[in-house]
Structures are given as C-alpha cells and as structure tokens.
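# Topology and contacts: notes
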Amino acid sequence: PGVPALDEGMAESPKSLRQRLEEHRRNPTCASCHARMDPLVFGLENFDAIGSWRTEDDKFPIDSTGVLPNGRSFAGPGELKAIILEQRQAFIEGLAGKLLTYAIGRGLERYDRPAIGKIAARTAAEEYRASTMIVEIVRSLPFQRRRIEAGSTAGSTVRTGP
C-alpha cells in the first residue's frame, strides 16, 4: 500500500536495468523493498525471460554483481548460487512458505510453520525436486483445509475443509 507507480518517463531514456532500478530506489518507500530484491535481480540478469543466457540487455552490457542485505557480495549467478546453497535449508523453507502462501490464498500464520517444515524436509529428502515441493504443498494440512468462499476471485464456490 502506498507504493507509487513507476515513472513512465524513465522508460523513455535509454538506460540499463541497473540504472533504472537505482533511480527507482531514490524513493525511500521503494528503496525499503528494493534493497532486498535488487541484488537477486542483478545476480540473475544474465538469464532472459525464458532462461536463455545473455550478456547484453537492450544493447547495455549486463552487470551481474551485487551485494546482499547481509553484506555478502557476489559476481554473477554462479557465486549467488554458492551463497544460497550455504543456506539451503533457509532457502527451501522460504520458498515453501511463499508457494504455500500463494496456494492457500492467504498469509501464513504461526500454526502453518509445522507444515512448511514438513514440506521443506520432504523436498530435501527427494533431492530438492520442485515437483516434490508442489505435491507436498497440495498434501499439506493448510492446503487441504483451506476455504474458498462463494463469489471469490478463485472462480469457485467449492468449500473444502471442515
């Protein structure tokens, strides 16, 4: 709430993604989130929208270096991956939590933590397969017991759970 729209004039002047994001971060409201998100964007910028490798974006060379909020710096997706792998459990739990939030259509509560732990543990046991995580989310208690109200944007009037 309260986040302003992007300045349309920014897109008219030729700038790299990094330069455009630096301008966007000048707004303190935007900077609070972008300080956490942008390093990940920079680290993965060599990949285009469908995952192909690139060295330029709109004729600008890609700078895939970054500094994470914890102060760790990296140069490119390989080093970013190594940092993430050092905290694999935290990453997999965070990903499980975000996917579960989307799947159940609400924010997570403290009583959802055991389900996230179980989803993450089962995913780890199956060599971190995305398909395992998705299946475990569908099997989870929060997903099985979610409620979909009549007339919701989910497009369904089916109610599940007690």
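Now for a quick tour of the structure. (Residues numbered from 1 in each chain as written. Predicted model: local features only at pLDDT ≥ 70, side-chain atom pairs only at ≥ 80, totals over all residues. Heavy atoms only, no water.)

## Digging into the overall build of the protein chain
Each helix and strand in the protein chain was counted, giving seven helices and four strands. For the protein chain, the succession of helices and strands along the chain, N to C, is α-α-β-β-β-β-α-α-α-α-α. Per-residue burial for the protein chain yields a buried fraction of 27% across its 162 residues. Of the contacts formed within the protein chain by residues at least 6 apart in sequence, a portion of 35% connects residues at least 24 apart. For the protein chain, the exposed area adds up to about 11000 Å²; of that, 56% sits on carbon and sulfur atoms. (Helix = DSSP H or I, 4+ residues; strand = E, 2+ residues; numbered from the N terminus. Buried < 20%, exposed > 50% of the residue type's maximum accessible area, 1.4 Å probe, protein only. Contact = heavy atoms within 4.5 Å. Areas by Shrake-Rupley, 256 points an atom, 1.4 Å probe, with all protein chains shown as cover.)

## Re the layout of surface pockets
By volume, the largest pocket is sized at about 390 Å³. Taken together, R36, L40, L68, P69, N70, L80, I83, I84, Q87, A90 and F91 form the lining of the largest pocket. Looking at the lining of the largest pocket element by element, the count peaks at three residues for helix α3 (residues 77–86). A breakdown of the residues in the lining of the largest pocket according to their chemical character gives eight nonpolar, two polar and one charged. (1 Å grid on protein atoms, 1.4 Å probe; cavity = no way out; pocket = protein on both sides within 12 Å on 5 of 7 lines; lining within 4 Å. Points joined across faces, edges and corners; volume = space filled by probe spheres on them. Nonpolar A, V, L, I, M, F, W, Y, C, P; charged D, E, K, R; others polar.)

## Description of the pattern of salt bridges
Applying the stated criterion to the full structure yields twelve salt bridges. Between R54 and D57 there is a salt bridge, with its nearest N and O atoms 3.2 Å apart. D57 sits in the buried class, given a relative accessible area of 17%. The salt bridge partner of R106 is D112, with a shortest N-O separation of 2.8 Å. Residues joined in a network through salt bridges with shared partners are R122, E126, E127, R129, E136 and R139. (Salt bridge = Lys/Arg side-chain N within 4 Å of Asp/Glu carboxyl O.)

## A word on the environment of E45
Structurally, E45 is set in the loop between α2 (28–43) and β1 (56–57). A sequence separation of 31 residues divides E45 from G76, and the C-alpha atoms of the two residues are 8.7 Å apart.

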